[in-house]
Amino acid sequence: MFRASLLPGVELKLLEERHAYALYSAISSDREYLREWLPWVDATRSTDDTREFIDKSLRQFAKNAGFHAGIWVDGEYAGTIGCQAINWANRKVELGYWLGSRYTGRGIMTAAVSAMCDQAFDEWSLNRVQLQCAAGNVRSQAIPRRLGFREEGLIEQGQLLYGKFHDLIVFGMLRSMWERNRQGPVLSS
Ligand SMILES: CC(C)(COP(=O)(O)OP(=O)(O)OC[C@H]1O[C@@H](n2cnc3c(N)ncnc32)[C@H](O)[C@@H]1OP(=O)(O)O)[C@@H](O)C(=O)NCCC(=O)NCCS
């Protein structure tokens, strides 16, 4: 089972069915904040919905296509990070993430994205990690920037959020860049 320690008191753990209620409670208690940038919030109405998401994610894991992990802070469910199905043919993966509002401002997601990059490059031997952030989502963009991702371009009106189209900024990290960055300090708050 995937499990990683990120910071003191902060852990990444593979999402399992028994986490369905904790995941639902975290989403439910932060709906207004999360729905600004996440399209699935209104459709998450019960633990059956989070259980279904977790089942799908575990099937993905079983097929060796990547996974979603819960972020736990002092034993509380704080957020999620995960990936779309790994594209093995092109050795690349795309990440997505969210953090409950109480847990922002501490570098937790930056550490989680960094851990997922280690997973992608070291464990899965992939060549590329990609992120897409809405052009207005400055806090999300700050994460790949902080970790030395390259801003590669804009997908015009690439995301429909609650009836409004948003441009998406594409950020990419190549294995060669990640290895180079590891040799010197890139992370800056
Ligand atoms: C996107 C999101 C995860 C960003 O959260 P965040 O707290 O800003 O990101 P981090 O956990 O990496 O923390 C970075 C913050 O901690 C601070 N920080 C403190 N110690 C730090 C450290 N050691 N390393 C990095 N940052 C640190 C940074 O300065 C930054 O704060 P600032 O924005 O006030 O400058 C969060 O806003 C969120 O979930 N939003 C809703 C859903 C969403 O937008 N998802 C992404 C869709 S693309």
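Predicted, not measured: the structure shown is a model, and the values here were computed from it.

Undergrad: So what exactly am I meant to see when it comes to the side chain of Q119 here?
TA: When you line up the elements, Q119 lands in helix α4 (residues 108-123). Ignoring anything within four residues of it in the chain, the contact list for Q119 reads F2, F67 and W124.

Undergrad: I'm lost on the site of the ligand in this one. Help?
TA: Surrounding the ligand, one finds 21 residues, the nearest of these being L99, G105, M109, T110 and N137. Contact distances for the ligand include 2.9 Å between an oxygen atom and a backbone N or O atom of I108. Surface burial for the ligand is 76%, taken as the share of its 940 Å² of free accessible area covered by protein chains. Secondary structure elements with two or more residues in the shell around the ligand: β5 (92-99), α4 and α5 (138-146). If you tally residues by element for the shell around the ligand, the top one is α5, at four residues. Residue classes in the shell around the ligand are distributed as ten nonpolar, eight polar and three charged.

Undergrad: Sorry if this is basic, but what is going on with the nonpolar core here?
TA: One broad rule of soluble globular proteins: the nonpolar side chains tend to lie buried together. If you look at the biggest cluster of nonpolar residues, it comprises 42 residues, and the most contacted ones within it are L12, I71, I81, M109, V113 and F149. At ten residues, α4 tops the list of elements feeding residues into this core. Other than its neighbours up to four places away in sequence, F149 contacts V113, C117, V129, L131, P144, F171, G172, M173 and M177. Counting residues in hydrophobic clusters, the runner-up holds twelve residues, among them L23, A26, L34 and Y77.

Undergrad: Help me out: how do you make sense of the packing of aromatic side chains in this one?
TA: Working definition: an aromatic ring pair is given by the centre-to-centre distance plus the angle between the planes. Enumeration over the complete set of coordinates arrives at seven aromatic pairs. Ring centres 4.5 Å apart and planes at 35° place the aromatic pair F2 and F67 in the tilted group. Taken together, the positions of F2 in the segment before β1 (3-7) and F67 in the loop between α3 (47-62) and β3 (68-73) put the pair 65 residues apart, joining distant regions of the chain. Neither F2 nor F67 differs from the other in exposure class; each is buried.

Undergrad: What is the right way to read α5 from this model?
TA: Note on helix geometry: an α-helix contains 3.6 residues per turn, so any two residues three or four positions apart are oriented the same way. If you check which residues of α5 are buried, you get S140, Q141, I143 and P144. Seen end-on, α5 carries its buried residues on one side only, within an arc spanning 145°. Across α5 from its buried face, at more than 90 degrees, point the exposed residues V138 and R139. On its buried side, α5 packs onto β5, α4, β6 (128-134) and β8 (164-174). Two residues or fewer past α5, G148 is found with a positive phi of approximately 85°.

Analysis parameters
- Residues numbered from 1 in each chain as written.
- Predicted model: local features only at pLDDT ≥ 70, side-chain atom pairs only at ≥ 80, totals over all residues.
- Heavy atoms only, no water.
- Helix = DSSP H or I, 4+ residues; strand = E, 2+ residues; numbered from the N terminus.
- Contact = heavy atoms within 4.5 Å.
- Near = heavy atom within 4 Å.
- Polar contact = N/O pair within 3.5 Å; in protein donor to acceptor, adjacent residues only side chain to side chain.
- Areas by Shrake-Rupley, 256 points an atom, 1.4 Å probe, with all protein chains shown as cover.
- Nonpolar A, V, L, I, M, F, W, Y, C, P; charged D, E, K, R; others polar.
- Core = buried A, V, L, I, M, F, W, Y, C linked by side-chain atoms within 4.5 Å.
- Buried < 20%, exposed > 50% of the residue type's maximum accessible area, 1.4 Å probe, protein only.
- Phe/Tyr/Trp six-rings, centres within 6.5 Å; stacked < 30°, edge-to-face > 60°.
- Arc of directions from axis to C-beta.

Functional significance is not addressed by these values, which are geometric in nature.
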